Amino acid sequence: QVQLVESGGGLVQAGGSLRLSCAASGRTFSSYAMGWFRQAPGKDREFVAVISWSGGSTSYADSMKGRFTISRDNAKNTVYLQMNSLKPEDTAVYYCAAQRSTSWSVTSITRYDVWGQGTQVTVSS
């Protein structure tokens, strides 16, 4: 089973950009579909984006389409989330997660087997 460590969070002004990284340990990274989720204070954790095992397919929550891009580098055991045109409502703790079901396009939190510790993203107005 992989272990996940996120990085790249921070404070950014509205309209700015950040790139989050999630580094995975272990030799089986390419067998996991990877997702990004976020949780704002007082709110439930929500789906952000997911990427297939090879990186050839991606899917996004509607509010992130056109602003966020998920990608992965299996040679580096890393998945990324490029976030552009950030808004104050994007402020949250961002988590990466891994799952090995037969379907890559999984948005349900309960289907993910492994989670990182999260990284804080704060967008100021």
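Each value, and the rule that gives it
- Residues numbered from 1 in each chain as written.
- Predicted model: local features only at pLDDT ≥ 70, side-chain atom pairs only at ≥ 80, totals over all residues.
- Heavy atoms only, no water.
- Phe/Tyr/Trp six-rings, centres within 6.5 Å; stacked < 30°, edge-to-face > 60°.
- Helix = DSSP H or I, 4+ residues; strand = E, 2+ residues; numbered from the N terminus.
- Buried < 20%, exposed > 50% of the residue type's maximum accessible area, 1.4 Å probe, protein only.
- Lys NZ or Arg CZ within 6 Å of the ring centre and 35° of its normal.
- Salt bridge = Lys/Arg side-chain N within 4 Å of Asp/Glu carboxyl O.
- Pairing = 2+ DSSP bridges.
- Axes fitted to C-alpha atoms, helices over the stretch in contact; angles between N-to-C directions.
- Polar contact = N/O pair within 3.5 Å; in protein donor to acceptor, adjacent residues only side chain to side chain.
- Contact = heavy atoms within 4.5 Å.
- Core = buried A, V, L, I, M, F, W, Y, C linked by side-chain atoms within 4.5 Å.

How two aromatic rings sit relative to each other is set out by the distance from centre to centre and by the angle between their planes. Applying the stated rule across the entire model yields 5 aromatic pairs. Seen in terms of ring centroids, Y95 and W115 are 6.4 Å apart; in terms of plane orientation they differ by 80°. Their pairing is edge-to-face. Of this pair, Y95 sits in strand β9 (residues 92-99) while W115 sits in strand β10 (residues 114-115); the two residues are 20 residues apart in sequence, bridging distant segments of the chain. According to the relative accessible area criterion, Y95 is buried, its value standing at 12%. One Lys or Arg, R45, reaches over the ring of Y95 and ends 3.7 Å from the middle of that ring. The side chain of R45 reaches across the aromatic face of W115, ending 4.9 Å from its centre.

A few words now on the pattern of salt bridges. Enumeration over the complete set of coordinates arrives at 4 salt bridges. D62 is the salt-bridge partner of K65, the closest N and O atoms lying 3.2 Å from each other. Here D90 makes a salt bridge to R67, at a shortest N to O gap of 2.7 Å. Taken together, the positions of D90 in the loop between β8 (78-83) and β9 and R67 in the loop between β6 (58-60) and β7 (68-73) put the pair 23 residues apart, joining distant regions of the chain. Here D90 and R67 have matching classes, each one buried. Among the ionic contacts, a cluster of salt bridges with common partners joins R38, E46, R67 and D90.

Further remarks concern the sheet that holds strand β1 (residues 4-7). If you trace the 4 strands from one edge of the open sheet to the other, you get β1-β3-β8-β7, paired in antiparallel fashion. Two strands in the sheet have a free side with no partner beyond their single neighbour: β1 and β7. With direction set aside, neighbouring strand axes in the sheet form an average angle of 15°. Two strands pair when backbone bridges link them, and strand β3 (residues 18-24) and β8 are joined in this way by 6 bridges, in the antiparallel orientation.

Right, let's talk about unusual backbone geometry for a bit. Even without glycine at this site, N77 takes up a positive phi of about 50°. With respect to the helices and strands, the residue N77 is situated in the loop between β7 and β8.

The class for R67 is buried, based on a relative accessible area of 10%. In terms of polar contacts, R67 uses its side chain to reach the backbone carbonyl oxygen of S63, at 3.3 Å. Here the side chain of R67 touches S85 through a polar contact of 3.0 Å, landing on its backbone oxygen. For R67, the contacting residues outside a window of four places in its chain are Q82, M83, N84, S85, L86, K87 and D90.

By size, the foremost hydrophobic cluster in this structure holds 39 residues, and its most contacted members are L4, M34, W36, L81, M83 and Y94. For this core, the elements supplying multiple residues, two or more each, are β3, β4 (33-39), β5 (46-51), β7, β8, β9 and β11 (119-124). When near neighbours in sequence (up to four residues on either side) are disregarded, L81 contacts L18, R19, L20, W36, V48, A49, F68, T69, I70 and Y94.

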